[in-house]
Amino acid sequence: ADDGKGMSLNDLKTKWLFVAYSAKKDNTEDKNSSYRDKIKSRRHYAGAKGIGRFSSDRLGGSLSIYTKTAKAKKIEHVFVDWKKFEEDQTKNFETINVRHNKLTQIPVDLPSFEKQGTVLVIKKLHVRWGREHILKLKHSLEKLINPFSSKDNFKIEIICEKEKEEDKNGLHKQKELKGQKYLPRYRVNGPVKNAIRDILELKTSQIQMKISGNNIFTTIIDRGELIYSIVENSKDYELIQDLEVDLFFLNTSAKNNFTRNMGVEPVNFGSIFLYKNGFRVQPYGNKGDDSWGIDFRQQQGRTRFLGTRNLFGRVEITTDDHAQFVEVSSRDGGLQKTQGYYELVKAFEKAHRRLEKYVVGVLWGEGFTRRGFFGKGTEESKLEVKKQRERLKVDQEKDSPSVAKSHVGSKLEFIQIIKSLTADSNVEILEFNHSFVDLVNEKLNSVQKPFADDLKEIALKMDDKDLQIEADKLDKRYNELLKANQKEAQKAEQAIKRAERADLKRLKAEAKRIEAEEKRRIAELETLRKEKERAEEEVKRLKAEKEKDIAKEDAKDAKEQSLLLKSIHARDEHLHQSQHLIPQYADSIIGYASALHQEITIDTPNTSWLDDIASIIKLAKSIEKLTEFNLHANYRSKTDSLNDDVLSFVKEYIENVLGGIVRSDEGKLIKIIYKDNQVSNFVMQFKPIRLSIVLDNLIFNSLKHGATEILVESNIMRDKKGIVLEVSDNGNGVKKDIEEKIFEQGFTTTDGSGLGLYHVGQLVAEMNGEVRYSPTAEKGAKFTIKLKS
């Protein structure tokens, strides 16, 4: 029963009994007397499809309608037997008669009204309504009317005589509720109430965003304290004129408070509800529903994004534009995907991202960690970040953001938020919490950039003289810090330079020693070659002199010749063994230089040193590769550069030199497959040794990351001005967050020097080419090398 304006007989004939008719849709509803006016100051209606009346058919077999307008003297009564509509499927709906008569009184009790209203009596129920069913209905009705509305003159009351005794004696439920108080929502009878707003205003961080006409007003409040308030133009929202968004971040304390006062955990109650013209739109806010798309986004990083388990709130739009904001026929189907729908989602995302940026960046510490305010990479910086985050974790459960306001990392991140807002010409900052910009007494180290300039920029755009004074103080404080540390920095720099000179001297001496050893070996090789030639000439001479000698002398000379040749062969064998020592020495150079590179990267990150050591390692690898080529007679690679078929070289190198299989020092094997994609040959100028080092580095990089198979594919560029080599494996692949770093000098995810892929990038660039990493949909990694002719 309701106390609305009721219906006349004509209304019953032309409206209620007319399928799909809606007075709300065509605006013929008498708005002045509608109860919906009591909910919103403007006159907007929910339910524009005209099919809600059929819900009575779903509930029971018959329906009696008693309705009376204020001017009518009698009550209109209509009786509908739904079975008649099922007897003959060939009959049209509107041709089936329903019973009508006029009454002087209603044979059922009405709520507290006399002059007008409507009563629906549904009988022959399809389901027996027990206490649990009625409570489920009551809890659903709690969410029907916007609980965030400031008005309270639309009320719903449930009356059930058979449950009154149970309601009265319901205190025994205390034990089942595990100590919670017996709340009104556990009783069947009585008004349906929703005290959510009063609960959430305690111990929560929240954002309030309102689109009104041409403006968007946004305010963030954290546990009762204003964080910032802004206004901006709503030019991006052509179809939305009246929208309100209230989002609350629920920390542990707020969740516990919600559960105590509502008798249900927030995750089971719901999350972010959508209301249109004061009434709820399903399924937004239901448990497990992700119509806003924020849970899918949170899967990419739980510490960086806020999902439905962290949030509670509402989005309410007031509009008469049913074409742009229309619900689908199913009550739980949401809104149709129109331009207005996408504007609504865009507005929600604006509010969600701003609250998320404050909570995650300022309160959780993700912002200052990502920006490296306390340094990056070193153990000291990791310990500092851990300490700062532990402090903030305590702050999350407090009644006020006192820790965040006194935390240097949170302050620095808050300044970045305000700076980004002032940088937007469409945004005007009305007010912000100045406690977050007090940095004068903070210990700002050399890793953190001076934030005085940021504060000056904010003060200038806001015309805030007090903030300008704070910025000047911070600038002065920072300069004093730099001056105090200048001497220590100079001493440290001098010590670094001395160490650099000593290491450089040692490296040069080692390089000279290696060069001298190489020259000695070359000279020894040349001497052996000449001795061999002289010996061969001597043998020929002796053989010619002894041809006419007796057989005994011939046998004697032959024996002497055999001994001489064995001596020469022994010398050749010694030379061949010496040649095998060169890659061993080169490998030792690579090992020592790689270790030194790691130590310098950790202790004294000097770019000049790192480049020199990387060059030494690259040259040592070239010596190692040159020796390897000299031991294989099938390659013409003793020169630095060739003008030849580069694809044949790659194929022969993989199949003949590497043999199609590579074994690591730990005994792991990796199979190498070459595929030429029906490309026969391509002649160009290239450097064999450098190209082979590139392939080796990529192969051993795959081996380190668990690969058992590598595929090398070759193609010719579309413009026929070069070749493309694709090297892919079935290893562990590369994590998305480090893809941009893998070619940086010293970067490694293993115990290596971090120079393998760095050298690949250098060598390919020196060959007038480029190399890039391409993520794969499946397991593994893929590198693409382009060499221009």
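Novice: Even after reading the chapter, I still don't get the overall build of the protein, so can you show me in this structure?
Specialist: The helix and strand tally for the protein stands at 22 helices and 22 strands. Considering the protein as a whole, with its 789 residues, one finds that 43% of them fall into the buried category. Of all intrachain contacts in the protein linking residues separated by at least 6 positions in sequence, the fraction that spans at least 24 positions is 69%. Carbon and sulfur atoms provide 50% of the accessible area of the protein, an area that totals close to 44800 Å².

Novice: Please clarify how the pattern of salt bridges should be interpreted in this entry.
Specialist: Once the charged atoms of two side chains with opposite charge are near each other, the side chains can pair. Summed over the entire model, instances satisfying the criterion amount to 26 salt bridges. In this structure, Asp 167 engages Arg 131 in a salt bridge whose closest nitrogen and oxygen atoms are separated by 2.7 Å. With Asp 167 in helix α6 (residues 164-168) and Arg 131 in helix α5 (residues 131-142), the pair connects residues that are 36 residues apart, well separated along the chain. Among the residues examined, Asp 167 registers a relative accessible area of 8% and is labelled buried. We note a salt bridge from Lys 164 to Glu 161, for which the minimum N-O separation is 3.2 Å. When its relative accessible area of 39% is taken as the criterion, Lys 164 is described as partly exposed. A relative accessible area of 57% means that Glu 161 is categorised as exposed.

Novice: What's the story with the nonpolar core in this structure? I'm lost.
Specialist: If you look at the biggest cluster of nonpolar residues, it comprises 56 residues, and the most contacted ones within it are Tyr 228, Leu 243, Val 315, Leu 344 and Phe 414. In terms of residues, this core owes the most to one element, helix α11 (residues 339-363), which gives 12 residues. Ranked by size, the runner-up nonpolar core spans 42 residues in total, among them Ile 654, Ile 689, Leu 698 and Leu 763.

Novice: In this structure, what is going on with unusual backbone geometry? I would like to understand it.
Specialist: Working note: non-glycine residues mostly have negative phi, and peptide bonds are mostly trans. Omega for the peptide link from Gln 282 to Pro 283 comes to 0°, which places this bond in the cis form. Mapped onto the elements of the fold, Pro 283 is located in the loop between β12 (279-281) and α10 (294-298). Although it is not a glycine, Arg 223 adopts a positive phi angle of roughly 50°. Its place among the elements puts Arg 223 in the loop between β8 (215-222) and β9 (225-233). For Arg 223, a relative accessible area of 8% translates into the label buried. Unlike most non-glycine residues, Asn 768 shows phi in positive territory, near 60°.

Novice: For this particular structure, what's the right way to read the packing of helix α21 (residues 688-704) against helix α22 (residues 756-766)?
Specialist: Between two packed helices, what matters for the description is the angle formed by their axes and the separation of those axes. In the contact formed by α21 and α22, the axes pass within 9 Å of each other and the chain directions differ by 155°. The angle between α21 and α22 places the two elements in the roughly antiparallel class. Along this stretch, α21 crosses α22, giving a crossing that reads as left-handed. Each of Arg 690, Ile 693, Val 694, Asn 697, Leu 698 and Asn 701 in α21 lies in contact with α22, whose residues at this interface are Gly 756, Leu 757, His 759, Val 760, Leu 763, Val 764 and Glu 766. Its residues assigned to classes, the contact of α21 with α22 shows 7 nonpolar, 4 polar and 2 charged.

Novice: Where do I start with the environment of Lys 350 in this structure?
Specialist: Relative to the assigned elements, Lys 350 resides in helix α11. Sequence-distant contacts of Lys 350, defined by excluding residues within four places in its chain, comprise Met 209, Ile 216, Glu 232 and Tyr 237.

Novice: It is not clear to me how the pairing of β8 should be interpreted in this structure. Could you clarify?
Specialist: Looking along a regular strand, one sees the side chains alternate between the two faces of the sheet. When you tally the buried positions in β8, you get 6 out of 8 residues, the bulk of the element. Across 8 bridges, the pairing between strand β7 (residues 205-212) and β8 is antiparallel. When the sheet's bridge partners are listed, Ser 205 is paired in β8 with Asp 222. Between β7 and β8, which follow one another and run antiparallel, lie 2 residues, and Gly 213 among them has a positive phi close to 65°. Here 8 bridges tie β8 to β9, and the two strands are oriented antiparallel to one another. The residue of β9 that forms the bridge with Ile 220 is Tyr 228. Connecting β8 to the antiparallel partner β9 that follows it, the hairpin turn spans 2 residues, and Arg 223 within it adopts a positive phi of roughly 50°.

Novice: Whenever I open this one, the sheet that holds strand β3 (residues 99-103) confuses me. Can you help?
Specialist: Adjacent strands of a sheet pair through backbone hydrogen bonds, lying either parallel or antiparallel. Across the sheet, 4 strands lie side by side as β3-β2-β1-β4; this open sheet has antiparallel pairing. Of all strands in the sheet, those with a lone pairing partner are β3 and β4 (117-125), marking the two edges. Pairs of neighbouring strands in the sheet enclose a mean axial angle of 15°, with direction left out of account. Direction of pairing for strand β1 (residues 60-68) relative to strand β2 (residues 75-81): antiparallel, over a ladder of 6 bridges. Residue Thr 67 lies in a different strand from β2, and its bridge partner there is Glu 76.

Novice: Sorry, what's going on with the side chain of Thr 118 here?
Specialist: Within the secondary structure, Thr 118 sits in strand β4. Polar side-chain contacts of Thr 118 include one of 3.0 Å to the side chain of Thr 67.

Novice: What is the right way to read α22 from this model?
Specialist: Three- or four-residue spacings in an α-helix give side chains the same orientation, since the helix completes a turn every 3.6 residues. Taken as a whole, α22 has its buried residues at Leu 757, Tyr 758, His 759, Val 760, Leu 763 and Val 764. Just beyond α22, the residue with positive phi is Asn 768, at close to 60°.

Novice: Looking at this model, I keep getting lost on the environment of Gln 282. Mind explaining?
Specialist: Note on placement: Gln 282 falls in the loop between β12 and α10. For Gln 282, a relative accessible area of 24% corresponds to the partly exposed category. Remark: the alpha-carbon pair of Gln 282 and Leu 335, spanning 53 residues in sequence, is separated by 8.7 Å. Polar side-chain contacts of Gln 282 include one of 3.3 Å to the side chain of Arg 280. Polar side-chain contacts of Gln 282 include one of 3.1 Å to the side chain of Asn 286.

Novice: So what exactly am I meant to see when it comes to the sheet that holds β12 here?
Specialist: Strand order in the open sheet made by the 8 strands is β12-β11-β13-β10-β7-β8-β9-β14, with mixed pairing throughout. Looking at which strands have only one partner, the edges of the open sheet turn out to be β12 and β14 (427-432). The average angle at which neighbouring strand axes cross in this sheet is 15°, direction not considered.

Novice: Please clarify how a nonpolar patch on the surface should be interpreted in this entry.
Specialist: On the surface, Leu 59, Leu 125, Val 127, Trp 129 and Leu 137 cluster together into a nonpolar patch covering about 400 Å² of accessible area. Residue placement: Leu 137 occurs in helix α5.

Novice: What exactly am I supposed to notice about the packing of α11 against helix α15 (residues 408-423) here?
Specialist: Orientation of α11 relative to α15, taken along the N-to-C sense of each, is 155°, at an axis distance of 9 Å. As judged from the angle between their axes, α11 and α15 are roughly antiparallel. α11 and α15 meet at a crossing whose hand is right-handed. Between α11, through Arg 354, Lys 357, Tyr 358, Gly 361 and Val 362, and α15, the contact on the second element is made entirely by Ser 410, Glu 413, Phe 414, Ile 417, Ser 420 and Leu 421.

Novice: Before we go on, may I ask you to explain the packing of aromatic side chains in this structure?
Specialist: Working definition: an aromatic ring pair is given by the centre-to-centre distance plus the angle between the planes. Inspection of the entire model under this criterion finds 15 aromatic pairs. Seen in terms of ring centroids, Phe 649 and Phe 686 are 5.4 Å apart; in terms of plane orientation they differ by 55°. Their pairing is tilted. Of this pair, Phe 649 sits in helix α20 (residues 646-657) while Phe 686 sits in strand β18 (residues 683-686), and the two are 37 residues apart along the sequence. Assigned by exposure class, Phe 649 and Phe 686 land together as buried. What links up through ring pairs into an aromatic cluster is the set Phe 258, Phe 269, Phe 273, Tyr 275 and Phe 312. The ring of Tyr 237 carries Lys 346 above its face, with NZ or CZ at 5.7 Å from the centroid.

Reading the values: rules and limits
Residues numbered from 1 in each chain as written. Predicted model: local features only at pLDDT ≥ 70, side-chain atom pairs only at ≥ 80, totals over all residues. Heavy atoms only, no water. Helix = DSSP H or I, 4+ residues; strand = E, 2+ residues; numbered from the N terminus. Buried < 20%, exposed > 50% of the residue type's maximum accessible area, 1.4 Å probe, protein only. Contact = heavy atoms within 4.5 Å. Areas by Shrake-Rupley, 256 points an atom, 1.4 Å probe, with all protein chains shown as cover. Salt bridge = Lys/Arg side-chain N within 4 Å of Asp/Glu carboxyl O. Core = buried A, V, L, I, M, F, W, Y, C linked by side-chain atoms within 4.5 Å. Axes fitted to C-alpha atoms, helices over the stretch in contact; angles between N-to-C directions. Parallel < 35°, antiparallel > 145°, perpendicular 65-115°, else oblique. Left-handed = near helix turned anticlockwise from the far one by under 90°. Nonpolar A, V, L, I, M, F, W, Y, C, P; charged D, E, K, R; others polar. Pairing = 2+ DSSP bridges. Polar contact = N/O pair within 3.5 Å; in protein donor to acceptor, adjacent residues only side chain to side chain. Patch = residues over 30% accessible without salt bridge, like charges linked within 9 Å, V, L, I, M, F, W, Y side chains within 5 Å. Phe/Tyr/Trp six-rings, centres within 6.5 Å; stacked < 30°, edge-to-face > 60°. Lys NZ or Arg CZ within 6 Å of the ring centre and 35° of its normal.

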